[in-house]
Amino acid sequence: MGNDMWQVALKPGSTELQDVIVANISAREFETIGLLLATKQLEGKVFEMERGNYLFMYGGEYERPFPSVIIWRCIVSEEECVIDNMRQEDAWILKYVWREWLMPEDTDAEYVPPESFLIMARK
């Protein structure tokens, strides 16, 4: 069983976010995640933030600016990190990921939110 994650990336040749891809997959589906991120060196990091905790997955062979990032909400305890579904109320994190992960450090570009969320479903 999986959880809803968001994949974020820029529109090719621009500083604008492309549509966010929403998919329900397990955070343990490393091969699928690697394909989505176009990486063979999958890495992840948990961020404990004011509005919640999040697991970011990305290609370890890349440096900022990353071509794409996958985000899961998670619940962190002393023993474990449990993956949870991303929700519409998590949309604030898109601007953070855009600024801190997808753009160069010295950018003066203005944030443009994605036009929509595209839901990926398996048959």
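For the structure itself, consult the block above.
Caption draft 1: Quick peek at helix 2 (residues 92-102). Taken together, the buried positions of helix 2 are occupied by I93, L94, V97, W98, W101 and L102. In a view along the axis of helix 2, the buried residues occupy a sector of 145 degrees, so they form one face of it. Of the surrounding secondary structure, the elements contacted by the buried residues of helix 2 are strand 1 (3-9), strand 2 (20-25), strand 3 (42-49), strand 4 (52-59), strand 5 (68-76) and strand 7 (117-120).

Caption draft 2: Spotlight on the nonpolar core. If you look at the biggest cluster of nonpolar residues, it comprises 24 residues, and the most contacted ones within it are V8, F56, V69, I71, I93, V97 and W101. The set of elements that each furnish at least two residues to this core consists of strand 1, strand 2, strand 3, strand 4, strand 5 and helix 2. It is helix 2 that contributes the most residues to this core, six residues altogether. In terms of nonpolar packing, the next biggest core, distinct from the first, is built from eleven residues, I25, L37, M57 and C74 among them.

Caption draft 3: A look at the side chain of R73. When you line up the elements, R73 lands in strand 5. We classify R73 as buried; its relative accessible area is 11%. There is a polar contact of 3.4 Å between the side chain of R73 and the side chain of Y54. Polar contacts involving the side chain of R73 include one to the side chain of D90, which spans 2.5 Å. Beyond its immediate sequence surroundings of up to four residues, R73 is in contact with R51, G52, N53, Y54, V82, I83, D84, N85, M86, R87 and D90.

Caption draft 4: Structural context of the pattern of salt bridges. The final tally for this structure, using the stated rule, is six salt bridges. We note a salt bridge from E115 to K11, for which the minimum N-O separation is 3.2 Å. Linking E115 in the loop between helix 2 and strand 7 with K11 in the loop between strand 1 and strand 2, this pair joins segments that are 104 residues apart in sequence. Assessed through its relative accessible area of 66%, E115 is described here as exposed. One salt bridge in this structure joins R73 and D90, with 2.5 Å as the shortest N-O distance. Of this pair, R73 sits in strand 5 while D90 sits in the loop between strand 6 (81-84) and helix 2, placing them 17 residues apart in sequence. One exposure class covers both R73 and D90, and it is buried.

Caption draft 5: Region of interest: the packing of aromatic side chains. Under the counting rule described, the total for this entry stands at ten aromatic pairs. An angle of 85 degrees between the planes, with centres 5.8 Å apart, marks the rings of F47 and W101 as edge-to-face. In this pair, F47 sits in strand 3 while W101 sits in helix 2, placing the two residues 54 residues apart along the sequence. For the pair F47 and W101, one class covers both residues: buried. Ring centres of F66 and W101 lie 5.0 Å apart, and the angle between their planes is 40 degrees; on these two criteria the pair is classed as tilted. Of this pair, F66 sits in the loop between strand 4 and strand 5 while W101 sits in helix 2, and the two are 35 residues apart along the sequence. Judged on exposure class, the residue F66 and its partner W101 are both buried.

Basis of the calculations
- Counting of residues starts from 1 at the beginning of each chain's written sequence and follows it residue by residue.
- Residues qualify for local features only when their pLDDT is at least 70, as the model is predicted, and side-chain atom pairs are given and counted only at 80 or more; totals for whole chains, interfaces and linings, by contrast, use all residues.
- Where side-chain values are given, they derive from all heavy atoms of the structure, hydrogens and water being excluded.
- Here's how the labels work: a residue is buried when its accessible area is under 20% of the maximum for its type, exposed when over 50%, partly exposed in between, all with a 1.4 Å probe on protein chains only.
- Numbering of helices and strands starts at the N terminus; helices are DSSP runs of H or I of at least 4 residues and strands are runs of E of at least 2.
- Think of it as the arc spanned by the lines of direction from the helix axis to the C-beta atoms.
- Note on contacts: a residue pair is in contact if any heavy atoms of the two residues lie within 4.5 Å.
- Here, the term nonpolar core denotes a set of buried Ala, Val, Leu, Ile, Met, Phe, Trp, Tyr and Cys residues that are joined through side-chain atoms within 4.5 Å.
- Within 3.5 Å is the distance limit for a polar contact, defined as a pair of N or O atoms, with the added protein rule that one can donate a hydrogen and the other accept it, and that residues adjacent in sequence qualify only through two side-chain atoms.
- By convention in these notes, a salt bridge is any Lys or Arg side-chain nitrogen within 4 Å of a carboxyl oxygen on Asp or Glu.
- Planes of paired rings set the category: under 30 degrees apart is stacked, over 60 is edge-to-face and the rest tilted, where pairs are Phe, Tyr or Trp rings (Trp by its six-membered ring) whose centres lie within 6.5 Å.

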